[in-house]
Amino acid sequence: MMSPQRIDNQPQRTHGSFRLRAGRPLPFGATLVPGGVNFSVFSRRATAATLVLFEKGSAEPLAEIPFPREFRIGDVFAMTVYDLDIERIEYGYRMDGPFDPASGQRFDPRMVLMDPYAKAISGRNVWGEPPDWNRPFQYRSCLVPEDFDWEDDRPLEIPLEDSIIYETHVRGFTRHPSSGVRHPGTFAGLMEKLPYLRELGVNCIELMPIFEFDEFDNSRTHPGTGERLLNCWGYNTVGFFAPKAGYAATGRFGMQVDELKTLVKELHRQGIEVILDVVYNHTAEGNEHGPTISYRGLDNSTYYMLTPEGYYFNFSGVGNTVNCNDPVVRDMVLDSLRYWVSEFHIDGFRFDLAAILGRDPSGRPLSNPPLLEALAFDPILGKCKLIAEAWDAGGLYQVGSFPAYGRWAEWNGKYRDTLRKFLRSDSGQLGELSQCLQGSPNLYGWNGRGPTASINFITCHDGFTLHDLVSYDHKHNEANGEDNRDGSDDNLSWNSGAEGDTDDPHIQALRLRRMKSAVALLMVSQGVPMLLAGDEVGRSQAGNNNNYCNDNELSWFDWSLVESRSGLLRFVKNCIAFRKQHPVLRSARHPRNSDFLGLGSSDISWHGTRAWFADWSPESRLLAFMLDGRYARDGQMPDDSLYVVMNGHWEPLTVELPAPPAGGSWHVFANTGADAPDDSYEPGTEPRLPEQRELLVGARSVVILVSR
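In this text the structure is predicted, and so the values were computed from the model without any measurement.

## Describing the overall build of the protein chain
Item 1. Counting its secondary structure elements, the protein chain contains 14 helices and 30 strands.
Item 2. Here the C-alpha radius of gyration of the protein chain, 27 Å, is about what a compact globule of 708 residues would show, namely 27 Å.
Item 3. Overall size of the protein chain, expressed as C-alpha extent along the three principal axes, is 90 × 60 × 50 Å.
Item 4. The buried share of the protein chain, taken over its 708 residues, is 61%.
Item 5. Partitioning the contacts of the protein chain with sequence separation of at least 6, the portion at a separation of at least 24 is 71%.
Item 6. Working note: accessible area of the protein chain is about 26700 Å², and carbon and sulfur atoms make up 50% of it.
Item 7. Charge separation in the protein chain, taken as the distance between the mean sites of 69 positive and 94 negative side-chain charges, equals 3 Å.

Structure follows, in structure tokens:
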């Protein structure tokens, strides 16, 4: 007797040689189902939709299959097509409807649109390879098999207070000829450098945008060479679900998904988490004059914030603004993040211009933004790190007030600015500096947020590198082809006595000391430190503070610096190891500045040139603090006590030392005023300080002592 055959997965009709049936509206995108592929796309205002199939790489469509009227459910067009060769098929959609920009509608059935849920995108498969501009549809959606073997990998869930973030760029990290990797500038190339990251000691890598983007969206040329400048940063997302094919050594074969997953799996194996820098605030479609790739042609007024006249709001500063709090768009962002967590095992996200995610469709800031709340409480994102760049280009600045829901951390721009001012010896900084060192309780303590709300950084991809921060007073962005008009003029930098390169050994020594002092302060601050890749070896961008378009040696990590700046690298490694060894530096709560455990001294105390007497006057530039190790993790994890003295003055100063709280004697971990190898020691090998009652602290130097 024959078993009954299911009828709910059998074709119902045909279109030419293609067998079809009504599809399932969810999930959106192209989903493999028994015998076929389910295509589902949303449009509230389209009157008709057509699925367009291509043979991979072919300019002309293989087939165009209109969605029958009965295949539409609500605002979703859904259809299953059987017997497709998923490795040979690319697809898109034509959408019909009104073209009336004044009312926000821009349908054009002549266009083939990319699926906003595409898991892979072709069109920019090899980095920098000029596309065929005559090709009518530059981006094609591709199908992805779901057969990657993760073995026993899972997200690491490192507590945020224990994280040490390393911000880097997939291509720039290994593209330099000195990298010595087999596949420079790719996910595979980065994987070859994992031993370096492990030795450095960081446990979290933050990748600048790796969603598919268009490096050719910049039409400017290099003023010196005449070569076209490429957008190498990638803050112009084409698709929110697809990894950048040009970052994969296997991108030309459509294997970018597997290559990125392999990288994540190997990073986890080395104990290193992966945070993605994600850009949901705008897309590569730009303003009214930009290309139509997907969202604009699918349902313009749903995906974008529009003025009453139908123009694009520009809170991103680059042409358009994604309508993040529209329910459909909000779900798309959620679906995208869930996908990266569940399918790529991503550990967290840093949201570019995240303040935009809290605006309503007309641009007004919301008091309880639905998207931010949804992200905070989403079950799949429940253990993810959520980090906001808490401002946007429309003037909304929310550092300290970003809607956090007990989950969100922030790039602390005020920490960056204060540290920079202190490092160039500005007056009146000690009060703010003391807050920064404690995890910025003045910003986050008022609503119960702890130090982990503060992602501490002094430099990041946007602005000067650490080397340039101590080597330039002014930006030098001529290589960007905009006559040095682009980039910020407010760098809070000081060139240490000469602008740019110099042979003066005194200036070179001062710059090195200031770089070491910056790293030392970053690593002894409560909160979460973030280091910009290359700062550990003094990488320079020749004073360029907006290096988004230089896919060349101005951006690439020069690996010869690992040897030539080995002294600085050693110092940074020691500082990272020191932080990891001392839980008293990694508290989940702000210091209370009190003896709340009844130990006879407070958890943190403040000092000046005289022990127990900090000088908070505007012209004072020296501050010291002592952390009583008995308070580490609220007394649950007793640690050594630490004493840190920071001299921002241009003259050496003698300081009186307090006695260690629990007895013992002071040992020197770091002294940025000393030459290597006496500038730092491996934790556990620190020598005893010969004189226990006072200490001469060099000009613009930091000294870190540990009691033992």
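## Some details on the packing of helix α5 (residues 295–303) against helix α6 (residues 327–344)
Item 1. Packing of α5 against α6 brings their axes to within 9 Å, and their N-to-C directions diverge by 115 degrees. Residues Y295, T302 and Y303 of α5 form the contact with α6, whose own contacting residues are V328, V329 and M332.
Item 2. For the contact of α5 with α6, the residue count by class is 5 nonpolar, 1 polar and no charged.

## As for the sheet that holds strand β5 (residues 48–55)
Item 1. Sheet architecture is open: 5 strands sit in the order β6-β5-β9-β13-β12, paired in antiparallel fashion. Every interior strand has two partners, whereas the edge strands, β6 (63–66) and β12 (120–122), have only one. Strand-to-strand twist across the sheet, computed as the mean angle between neighbouring axes with direction ignored, equals 35 degrees.

## Regarding the packing of helix α8 (residues 413–423) against helix α12 (residues 505–524)
Item 1. Look at α8 against α12: their axes get within 11 Å of each other, and the N-to-C directions meet at 140 degrees. Looking at the two axes, α8 sits oblique to α12. Read as a crossing pair, α8 and α12 show a hand that is right-handed. Residues Y415, L419, F422 and L423 of α8 touch α12, and the partners they reach there are R514, S517, A518, L521 and L522.
Item 2. Residues belonging to the contact of α8 with α12 are distributed by class as follows: 7 nonpolar, 1 polar and 1 charged.

## With respect to the environment of D85
Item 1. With respect to the secondary-structure elements, D85 resides in the loop between β8 (76–82) and β9 (89–96).
Item 2. Taking the C-alpha atoms as reference points, D85 and G36, separated by 49 residues in sequence, lie 9.0 Å from one another.

## Brief notes about the sheet that holds strand β24 (residues 604–607)
Item 1. Taken in spatial order, the 5 strands line up as β24-β25-β26-β30-β28 in an open sheet, and their pairing is antiparallel. Unpaired on one side and paired on the other, β24 and β28 (666–671) mark the two borders of the sheet. Taking each pair of neighbouring strands and ignoring which way they run, the sheet shows an average axis angle of 20 degrees.
Item 2. Both β28 and strand β30 (residues 701–707) contribute to a ladder of 5 bridges, which runs antiparallel. Residue W666 lies in a different strand from β30, and its bridge partner there is S707.
Item 3. Sheet strands touched by helix α14 (residues 566–581): β26 (642–647), β28 and β30. Its angle to β28, the strand with the most contacts, is close to 135 degrees.

## Topic: the pattern of salt bridges
Item 1. Counting across every chain of the model gives 44 salt bridges.
Item 2. Put simply, E157 and R154 hold a salt bridge, and the shortest N to O gap is 3.4 Å.
Item 3. Between E389 and R350 there is a salt bridge, and its shortest N-O distance comes to 3.0 Å. You can see E389 sitting in the loop between β20 (385–388) and β21 (408–411) and its partner R350 sitting in strand β19 (residues 348–351), a full 39 residues away along the chain. We note that E389, like R350, is buried.
Item 4. The network of salt bridges with common partners includes E151, K265, E266 and R269.

Reading the values: the criteria
Residues numbered from 1 in each chain as written. Predicted model: local features only at pLDDT ≥ 70, side-chain atom pairs only at ≥ 80, totals over all residues. Heavy atoms only, no water. Helix = DSSP H or I, 4+ residues; strand = E, 2+ residues; numbered from the N terminus. Rg over C-alpha atoms; globule rule 2.2 N^0.38 Å. Buried < 20%, exposed > 50% of the residue type's maximum accessible area, 1.4 Å probe, protein only. Contact = heavy atoms within 4.5 Å. Areas by Shrake-Rupley, 256 points an atom, 1.4 Å probe, with all protein chains shown as cover. Lys, Arg positive; Asp, Glu negative; His and termini not counted. Charge placed at Lys NZ, Arg CZ, Asp CG, Glu CD. Axes fitted to C-alpha atoms, helices over the stretch in contact; angles between N-to-C directions. Nonpolar A, V, L, I, M, F, W, Y, C, P; charged D, E, K, R; others polar. Pairing = 2+ DSSP bridges. Parallel < 35°, antiparallel > 145°, perpendicular 65-115°, else oblique. Left-handed = near helix turned anticlockwise from the far one by under 90°. Salt bridge = Lys/Arg side-chain N within 4 Å of Asp/Glu carboxyl O.

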